[in-house]
Structures are given as structure tokens and as C-alpha cells.
Amino acid sequence: MPDLPELDPVVHGRLRLALLSLLSCVEEAEFTWLRAKTKATDGNLGAQLLKLEQAGYVAVEKKFVRRKPQTLYRITESGRQALAHYVQALRRLLGPAVDK
Amino acid sequence: MPEDTTELRERLSIIESMIAEGRRSTESWGSTFVLWGVAYYVAMAWSGWGHTAWAWPLTISIAVVLTIVLAFSKTRSHARTTLGRAIGSIWIALGISMFLLFFALGLTGRLTDRHLFVAVISAILGMANGASALILRWKVQLGCAVVWWAAAVATCFGSDTQSVIIFLVAIFLCQIVFGIYGMIANTQGRARQAPLHA
């Protein structure tokens, strides 16, 4: 995307952006909660969360609760900063159109 | 570059809608309100017609067990938020207070002054609804708190029958109607969501 040089490509993906936005306002969230909120498929959601994890934007914790596997995700400090920078860049690119 | 602007606007709207979605309570709490409304009706009818001191302690105990079962059935998919914990703490503290108070009062047979009973229970429910409404800045729930507070004051001035009617009306408005409203709002919120793709 040549017109958008300042936008972080990891954050820019629709689903990844949605996931970072969701995680930015909770302490931690289960995979199933993220799936319910985004209505994404298991495979797509897992792949996008893995990309965010590899970029260091989300941290994952896997554990067992009442013998059932539970995967918890939380946004990292660099993930929070990446989202904030993305929003700032977005607002700069949109300029006055942002409030219309 | 109108397409780019549209796409960028869409990104902003994704951020806004997802943040709003994340802040929305994940629990379908409406059913819990209805459950407790029905529990109050059952306990009142049982204690009134059955003339037993066990009506309130037993009904409240059953309602507590059902609430715990409902809560556990919803923990399969959740997100933890500070706001959620604050609201949850208020209602857990209310549940413990009500359980201990009415269990002890019921067992010792001191639930005889109907005015005092309705005033106390209404004031406690007004406090919990008011605190929750102020945290969430939610006018509908603040309306429920006002109804409970009005019921607490009004019952002190009315007759025995008027006191019962005031309590029944407050339960209907603030538990049954508010609970059903919550269930409908929750269902509509889920239906509005569109699937997101990468």
C-alpha cells in the first residue's frame, strides 16, 4: 500500500486491528471470547493471533481450568504502543476527514 | 484517493466498534435479575401463605445456588476487565449481605415488621443498582436505583398492604422488566455484529 507508508502492516489487517482494539480494553481474554466478538473462524483467528504474538504485540497463556484447556491472550506494552501509533497515523492520513 | 479514505475510515470504525464491544459486559446478566425477581415473589408468597420462617432463608439459598450455576455456565468464554470486576464485586457483596441478613432474620423469626423488611431490602438494592449505574453511567439502571430508593422511603409511610404493593411493583419494574430489557439488549447486541476477516 504505497499511499500508507506510516501504517504498521501487522496492525493494519482488519482482524488483527479488531483483536488489538478488543484486547486494549480488557486485562485478558479467552480465545472463545475473541472468536465470539469478531465472529472469525477458528483457523483465521488462530493465524492472526499468531502473527500478533510473533510481532510481540500479544502474549499468550495456556492453562487447564477444570480439566479443560484455556488459552488467554493479553496485549503487551509494545502492542498497546503499536495500536496508539497506528491510530495517530490514521488520524494524520485522514486529516480533516476524520471528524466528518 | 476516495477508496483509500473509505478504507482508512473503515479501520477507524473497526477500532471504535471493537473498543465499545470490549467494554460491553460479557455476561448475560438479564436472566439473573429475572431469577432474583421471581425468587422474591416466591419467598413473599410462601412466607405470606405458608407462615413459615424458612420461606426466605430457603428461597434465597436456592436463588444463590442457581445464580452460581448460571455464573459457572457462562465462564466458558470470557474476558477480564477492571470494570467488570468492580461491578461484579458490588453484586457479590450485595448477595452475601442479603444472604446473611435474611437467613439470620428468617431463622430467628424476626422478619415480622414488613415495613422495616421492605425498607431494608429496597435500600440495599437501591445502593447496588445506584453504584453500578454510576460506574457504568447508565441512566436506565439509575432509574431502577431511584425506584428502589423511593420504595424504601414510601414503605415507611404506607399501610401493610401498601407496603407489599410497593415492593411487588418495585420488583416487577427493577428485576423482571429491567432483566428482560437486559436480555433483549444483549441479544440485539450480538445480532448486530458482522464477521471480521483478515
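Please read these numbers as outputs of a predicted model, since none were measured by experiment. (Residues numbered from 1 in each chain as written. Chains lettered and ligands numbered in written order. Predicted model: local features only at pLDDT ≥ 70, side-chain atom pairs only at ≥ 80, totals over all residues.)

Section: the confidence of the model for chain B
Residue and element names in this part refer to chain B.
So, step 1. Chain-level statistics for chain B give a pLDDT mean of 84 and a share of 88% at 70 or above.
So, step 2. At the low end of the mean pLDDT range in chain B sits strand β1 (residues 79–80), at 78; at the high end sits helix α6 (residues 139–157), at 95.
So, step 3. In the model output, the complex is listed with pTM 0.73 alongside ipTM 0.79. (pLDDT = per-residue confidence, 0-100. Helix = DSSP H or I, 4+ residues; strand = E, 2+ residues; numbered from the N terminus.)

A look at the nonpolar core
So, step 1. Membership of the largest hydrophobic core comes to 32 residues, with the highest contact counts inside it found for B:Ala43, B:Ile60, B:Val118, B:Trp148, B:Ala151, B:Ala170 and B:Cys174.
So, step 2. Elements supplying a minimum of two residues to this core: α2 (30–50), α3 (55–73), α4 (82–107), α5 (114–136), α6 and α7 (160–192) of chain B.
So, step 3. Setting aside its immediate chain neighbours within four residues, B:Trp148 contacts B:Ser122, B:Leu125, B:Gly126, B:Asn129, B:Ala170 and B:Cys174.
So, step 4. Ranked by size, the runner-up nonpolar core spans 28 residues in total, among them A:Ala18, A:Tyr57, A:Val58 and B:Leu8. (Core = buried A, V, L, I, M, F, W, Y, C linked by C-beta atoms within 7 Å. Buried ≥ 20, exposed ≤ 12 C-beta atoms within 10 Å, placed from the backbone. Contact = placed C-beta atoms within 7 Å.)

Structural notes on α2(B)
Residues and elements named next belong to chain B.
So, step 1. Compared with the 30 Å implied by 1.5 Å per residue over 21 residues, the 30 Å span of α2 between its first and last C-alpha is a close match.
So, step 2. All of the buried residues in α2 are Thr32, Phe33, Trp36, Gly37, Ala39, Tyr40, Ala43 and Met44. All buried residues of α2 project into a common sector of 160° when viewed along the axis, lining one side. Structural note: α2 exposes Ala45, Trp49 and Gly50 on the side pointing more than 90 degrees away from its buried face. (Expected span 1.5 Å × (residues − 1). Arc of directions from axis to C-beta.)

Overview of the pairing of strand β3 (residues 68–75) of chain A
Residues and elements named next belong to chain A.
So, step 1. Bridge count for strand β1 (residues 28–30) against β3 is two bridges, and the pairing is antiparallel. Residue pairing for β3: Glu30 is matched across the bridge by Leu72.
So, step 2. Of the pairings in the sheet, the one linking strand β2 (residues 58–65) to β3 comprises eight bridges and is antiparallel in character. Looking at the pairing, Lys63 lines up with Gln70 of β3.
So, step 3. The antiparallel hairpin formed by β2 and β3 contains two residues in its connecting segment, where Arg66 sits at a positive phi of about 50°. (Pairing = 2+ DSSP bridges.)

Quick notes on helix α5 (residues 77–94) of chain A
All names here are of chain A.
So, step 1. Here α5 is 18 residues long and its end C-alpha atoms lie 26 Å apart, about the 26 Å a rise of 1.5 Å per residue gives.
So, step 2. Gly79, Ala82, Leu83, Tyr86 and Leu90 are the residues of α5 that are buried. Along the axis of α5, the buried residues cluster in a sector spanning 100°; they form a single face. Facing away from the buried surface of α5 by more than 90 degrees, the exposed residues are Glu77, Ser78, Gln81, Ala84, Gln88 and Arg92.
So, step 3. Of the residues trailing α5, Gly95 is marked for its positive phi of about 60°.

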